[in-house]
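Survey of secondary and tertiary structure
Each chain, letter by letter, is given below.
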Amino acid sequence: KDFHKWARICEHVIRHYNEGWANGYRYGIEYWEIWNEPDNGHTVDTNQMWTGTYEDFFRLYDVTAKHLKACFGDSIKVGGYSACGFYGIFADPEKYGLSVPKREGERYNSEKEKYRLAFLYGFLDYIKERSTPHDFFSWHTYDGIDTITVEADFVAKVLAQYGLGHIET
């Protein structure tokens, strides 16, 4: 609940692994991802990874990313949020500027998939409005190559729309 405290804990984890703090190491880990799958659903039943609101996650990310970049500058890369796929784009591909066939079924047209897409756009709006550091965008999917390539193109397009076309994914 205390996002600033959490950010300081993350700072010390990084110091432990990269600077030898508290009998630590000097691994030089460059990439630090903030969270995993906070977009997997909006209830505890559907998402055990993040049980707060998406606004809470956006704030946690903002506070933590700014703190870590203030502490470490460009010696580390901060990103996330390890999105768990964008299957919802296939329910209405034209809406997302995609020239792929529409797909039917729960996997593509569920409340969970709508939530994931709303989460993505909400997150990008939030970090853009606050000039939050974001060095990379991490995401994954649990499907075949035909889905992965379309989702990768979608992610690249959306990031470019938000002025983040230069960051790694």
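You'll find the structure just up there.
Criteria and cut-off values
- Residues numbered from 1 in each chain as written.
- Predicted model: local features only at pLDDT ≥ 70, side-chain atom pairs only at ≥ 80, totals over all residues.
- Heavy atoms only, no water.
- Helix = DSSP H or I, 4+ residues; strand = E, 2+ residues; numbered from the N terminus.
- Rg over C-alpha atoms; globule rule 2.2 N^0.38 Å.
- Buried < 20%, exposed > 50% of the residue type's maximum accessible area, 1.4 Å probe, protein only.
- Areas by Shrake-Rupley, 256 points an atom, 1.4 Å probe, with all protein chains shown as cover.
- Lys, Arg positive; Asp, Glu negative; His and termini not counted.
- Charge placed at Lys NZ, Arg CZ, Asp CG, Glu CD.
- Polar contact = N/O pair within 3.5 Å; in protein donor to acceptor, adjacent residues only side chain to side chain.
- Contact = heavy atoms within 4.5 Å.
- Expected span 1.5 Å × (residues − 1).
- Core = buried A, V, L, I, M, F, W, Y, C linked by side-chain atoms within 4.5 Å.
- Pairing = 2+ DSSP bridges.
- Axes fitted to C-alpha atoms, helices over the stretch in contact; angles between N-to-C directions.
- Salt bridge = Lys/Arg side-chain N within 4 Å of Asp/Glu carboxyl O.

**Some remarks on the overall build of the chain**
Within the chain, the regular secondary structure consists of 4 helices and 3 strands. Mapped in sequence order, the helices and strands of the chain form the string α-β-α-β-α-β-α. Taking 2.2 N^0.38 as the reference for a compact globule, 169 residues should give roughly 15 Å; the C-alpha atoms of the chain span a radius of gyration of 17 Å, in line with that estimate. With the principal axes as the frame, the chain shows a C-alpha extent of 55 × 35 × 30 Å. Per-residue burial for the chain yields a buried fraction of 46% across its 169 residues. Accessible surface, the chain as shown: approximately 9,000 Å² in total, 51% of it carbon and sulfur. Of the charged side chains in the chain, 19 are positive and 26 negative, and the gap between their average positions amounts to 5 Å.

**Some words on the side chain of S138**
One can find S138 in strand 3 (residues 136-139). Reaching out from S138, the side chain makes a polar contact with the side chain of E33 at a distance of 2.6 Å. Reaching out from S138, the side chain makes a polar contact with the backbone nitrogen of S82 at a distance of 2.9 Å. The contact partners of S138, leaving out residues within four places of it in the chain, are E33, G80, Y81, S82 and A83.

**So, helix 2 (residues 54-72)**
For helix 2, with 19 residues, the first-to-last C-alpha span of 26 Å sits near the 27 Å given by 1.5 Å per residue. Taken as a whole, helix 2 has its buried residues at F57, F58, L60, Y61, D62, V63, T64, A65, L68, K69 and F72. Contact partners of the buried residues in helix 2: helix 1 (3-19), strand 2 (77-83) and helix 3 (111-129). Following helix 2 by one or two positions, G73 has its phi on the positive side, about 55°.

**Observations concerning the nonpolar core**
One broad rule of soluble globular proteins: the nonpolar side chains tend to lie buried together. Ranked by size, the top nonpolar core spans 45 residues in total, and within it F57, Y81, F86, I89, L124, F137 and F154 carry the most contacts. Of all the secondary structure elements, the ones that give two or more residues to this core are helix 1, helix 2, strand 2, helix 3, strand 3 and helix 4 (145-161). Leave out the neighbours within four places in its chain, and F57 touches I34, W35, P38, W50, Y81, F119 and F123.

**Observations regarding the sheet that holds strand 2**
Spatially, 3 strands are ordered 1-2-3 in an open sheet, and the strand pairing comes out parallel. Since the sheet does not close on itself, it has two edges, and those belong to strand 1 (31-33) and strand 3, each with one partner. Averaged over neighbouring strand pairs, the angle between their axes works out to 35° when direction is ignored.

**Comments concerning the pattern of salt bridges**
Evaluation of the coordinates by the stated rule reveals 12 salt bridges. Here R15 ties to E11 by a salt bridge, and the two come within 2.9 Å at their closest N and O atoms. Placement of both R15 and E11 in helix 1 is noted, with a separation of 4 residues, approximately one turn of the helix. Given a relative accessible area of 10%, E11 falls into the buried group. For K69, the salt bridge identified is with D74, shortest N-O distance 3.7 Å. Within the structure, one salt-bridge network assembled from shared partners comprises E11, R15 and E19.

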